[in-house]
Amino acid sequence: MSQTFPSFPYHADAKKAFEENSEESCACCNKKRGYIYNGPIFGVFDEEPFICPWCIKDGSACEKLGVELVTDISSGDDSKVLLSREFSKCTPGFISWQESMWWAHCGEPAVYHGMGGKNEIETIGGEDGLAYFRGLVGGLGEEAEEKQDEFLSYCGEYFDRTAYIFKCRKCGSCGGNIDFS
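Residues numbered from 1 in each chain as written. Predicted model: local features only at pLDDT ≥ 70, side-chain atom pairs only at ≥ 80, totals over all residues. Heavy atoms only, no water.

**Focus on the layout of surface pockets**
- Here the largest pocket defines a volume of roughly 440 Å³.
- Of all the secondary structure elements, the ones that give two or more residues to the lining of the largest pocket are strand 6 (111–116), helix 4 (118–139) and helix 5 (145–153).
- Among the elements that take part in the lining of the largest pocket, strand 6 stands out by supplying five residues, more than any other.
- For the lining of the largest pocket, the class distribution of residues is nine nonpolar, eleven polar and five charged. (1 Å grid on protein atoms, 1.4 Å probe; cavity = no way out; pocket = protein on both sides within 12 Å on 5 of 7 lines; lining within 4 Å. Points joined across faces, edges and corners; volume = space filled by probe spheres on them. Helix = DSSP H or I, 4+ residues; strand = E, 2+ residues; numbered from the N terminus. Nonpolar A, V, L, I, M, F, W, Y, C, P; charged D, E, K, R; others polar.)

So this is what it looks like as structure tokens:
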């Protein structure tokens, strides 16, 4: 019997946070469901626990195992960020090269869309998203817009730098951060 993979409102492509066709049993429900979380897990344990997406979705993994999947959050607009149970206990994190930082906007965590570069940023956030990431690149010393675009064109999963792209659930603003391997 096959279960429908759960959806995660703060993670646009959550399947990427899980290993498919796994034979491991979930440490929370003790079931073999074919998917095991491969993102960051924070807590005290002898061996990193195997966790299925259904136990993350209902929050039982974090509550029963005493772990967290997301620990750092950064506000893109300086608003106070309110963390719902749905986010803090029921959202898979994402793997980053340095320490992962979840971007927030309008007082709540934004939706994570993945790693990418100029094309992905433009697809997800349009010109406003590009302007945001150009600003980050400008802070790294690239002043001219064409140089910023060139920098962003060489960002992504298969490069030595990437943009972690988020989109606000309330206003649609695109933001995030840039990371280097």
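Read on for the rest.
**Remarks on the pattern of salt bridges**
- Within the structure shown, the criterion is met by seven salt bridges.
- In this structure, Arg169 engages Glu108 in a salt bridge whose closest nitrogen and oxygen atoms are separated by 2.8 Å. With Arg169 in the loop between strand 7 (161–167) and strand 8 (174–180) and Glu108 in strand 5 (residues 108–109), this pair connects stretches of sequence that are 61 residues apart.
- The exposure class of Arg169 is partly exposed, given its relative accessible area of 37%.
- Between Arg134 and Glu127 there is a salt bridge, and its shortest N-O distance comes to 2.5 Å.
- Residue Arg134 is classed as buried on the basis of its relative accessible area of 8%.
- Of the residues examined, Glu127 reaches a relative accessible area of 46% and is grouped as partly exposed.
- What emerges from the salt-bridge pattern is a single network uniting Glu127, Arg134, Glu145 and Asp149. (Salt bridge = Lys/Arg side-chain N within 4 Å of Asp/Glu carboxyl O. Buried < 20%, exposed > 50% of the residue type's maximum accessible area, 1.4 Å probe, protein only.)

**Remarks on the confidence of the model for the chain**
- Looking at the chain, the pLDDT average stands at 93 and 99% of residues meet or exceed 70.
- Of all helices and strands in the chain, the one with the weakest mean pLDDT is strand 3 (residues 73–75) (86), whereas helix 1 (residues 53–57) scores best (98). (pLDDT = per-residue confidence, 0-100.)

**A few points about the sheet that holds strand 6**
- Across the sheet, three strands lie side by side as 6-7-8; this open sheet has antiparallel pairing. This sheet does not close on itself; its edge strands, each paired only once, are strand 6 and strand 8. On average, adjacent strands in this sheet sit at an angle of 20 degrees to one another, irrespective of strand direction.
- Across seven bridges, strand 7 lies against strand 8 in antiparallel orientation. Bridge pairing in strand 8 links Ile165 to Gly176.
- Strands in contact with helix 4 are strand 6, strand 7 and strand 8; relative to strand 8, the strand with the most contacts, it is inclined by about 60 degrees. (Pairing = 2+ DSSP bridges. Axes fitted to C-alpha atoms, helices over the stretch in contact; angles between N-to-C directions. Contact = heavy atoms within 4.5 Å.)

**Here we look at the sheet that holds strand 5**
- Read from one edge of the open sheet, three strands run 3-4-5, paired in mixed fashion. The strands lining the two open edges of the sheet, one partner per strand, are strand 3 and strand 5.
- Alignment of strand 4 (residues 102–105) against strand 5, held across two bridges, turns out to be antiparallel. Bridge pairing in strand 5 links His105 to Glu108.

**Quick notes on unusual backbone geometry**
- If you check the backbone angles, Asn21 has positive phi at about 60 degrees while not being a glycine.
- Along the chain, Asn21 turns up in the loop between strand 1 (18–20) and strand 2 (35–37).
- You will see that Cys106, though not glycine, has its phi angle at about 55 degrees, which is positive.
- Tracing the backbone through its elements, the reader meets Cys106 in the loop between strand 4 and strand 5.
- For Cys106, a relative accessible area of 28% translates into the label partly exposed.

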